[in-house]
Amino acid sequence: MTVTLSVLLWARAGATDALIAYEDAVLPLVAAHGGTVRQRARTDGTDGAPLEIHLLEFPSDAAFDAYMADPRRAARAVDRDRAIERTEVYRVTLV
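Draft legend 1. Quick look at the environment of aspartate 65. Position of aspartate 65 relative to the elements: it lies in helix α3 (residues 61-69). According to the relative accessible area criterion, aspartate 65 is partly exposed, its value standing at 47%. With 32 residues separating them along the chain, aspartate 65 and histidine 33 place their C-alpha atoms 9.2 Å apart.

Put into structure tokens, the structure is as follows:
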């Protein structure tokens, strides 16, 4: 069963460019696990808004789990922790 996710990402103070660079590096890994980045959007990150919003689609929970556990993604954990203050992930249905 297809898994569709909405991912909201907030940057740490002063880390806007670092968040963008991190996502530029890890989002291509989605395809390696059969997934698709359906949309990547960016706000100005002010007034409590997330800096980036992603709409991701994976063929299964197992494919999503494999993406999350990908060693290439894990190797960038320090970059992620420096750049990203908060992440919220929601399962969604496209309408």
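Draft legend 2. The arrangement of the packing of aromatic side chains in detail. The full count for this structure, using the stated rule, is two aromatic pairs. Between phenylalanine 58 and tyrosine 67, the aromatic rings sit 5.7 Å apart at their centres with planes inclined by 35°, giving tilted as the arrangement. By relative accessible area, which is 5% here, tyrosine 67 ends up buried. The side chain of arginine 86 reaches across the aromatic face of tryptophan 10, ending 3.6 Å from its centre.

Draft legend 3. Highlighting the pattern of salt bridges. All told, the structure shown has eight salt bridges when counted by the stated rule. A salt bridge links glutamate 52 to arginine 42; the shortest N-O distance between them is 2.8 Å. One end of the pair, glutamate 52, is in strand β3 (residues 52-58); the other, arginine 42, is in strand β2 (residues 36-42), and 10 residues separate them in sequence. In this structure, the salt-bridge partner of aspartate 70 is arginine 72, at a minimum N-O distance of 2.7 Å. Exposure remark for aspartate 70: the relative accessible area of 3% places this residue in the buried category. Through salt bridges with shared partners, a single ionic network connects Asp24, Arg40, Arg42 and Glu52.

Rules behind the numbers
- Along each chain, numbering runs from 1 in the same order as the chain's sequence is written.
- With pLDDT at 70 or above as the cut-off, local features in this predicted model cover only qualifying residues; side-chain atom pairs require 80 or more to be listed or tallied, and sums for whole chains, interfaces and linings still use all residues.
- Water and hydrogen atoms play no part in the side-chain values, which are based on all heavy atoms of the structure.
- Labels follow the DSSP assignment, with helices taken as runs of H or I lasting at least four residues and strands as runs of E lasting at least two, numbered in each case from the N terminus.
- Accessible area is worked out with a 1.4 Å probe on protein chains only. A residue is then buried under 20% of its type maximum, exposed over 50%, and partly exposed in between.
- Centres within 6.5 Å make a pair out of two Phe, Tyr or Trp rings, where for Trp the six-membered ring is used; the pair is then stacked when the planes are under 30 degrees apart, edge-to-face when over 60, and tilted otherwise.
- Put simply, a charge is over a ring when the Lys NZ or the Arg CZ is close to the ring centre, within 6 Å, and near the line of the ring normal, within 35 degrees.
- Within this document, salt bridges are pairs made up of a side-chain nitrogen of Lys or Arg and a carboxyl oxygen of Asp or Glu, the two lying within 4 Å of each other.

The analysis is restricted to geometry; functional conclusions fall outside its scope.
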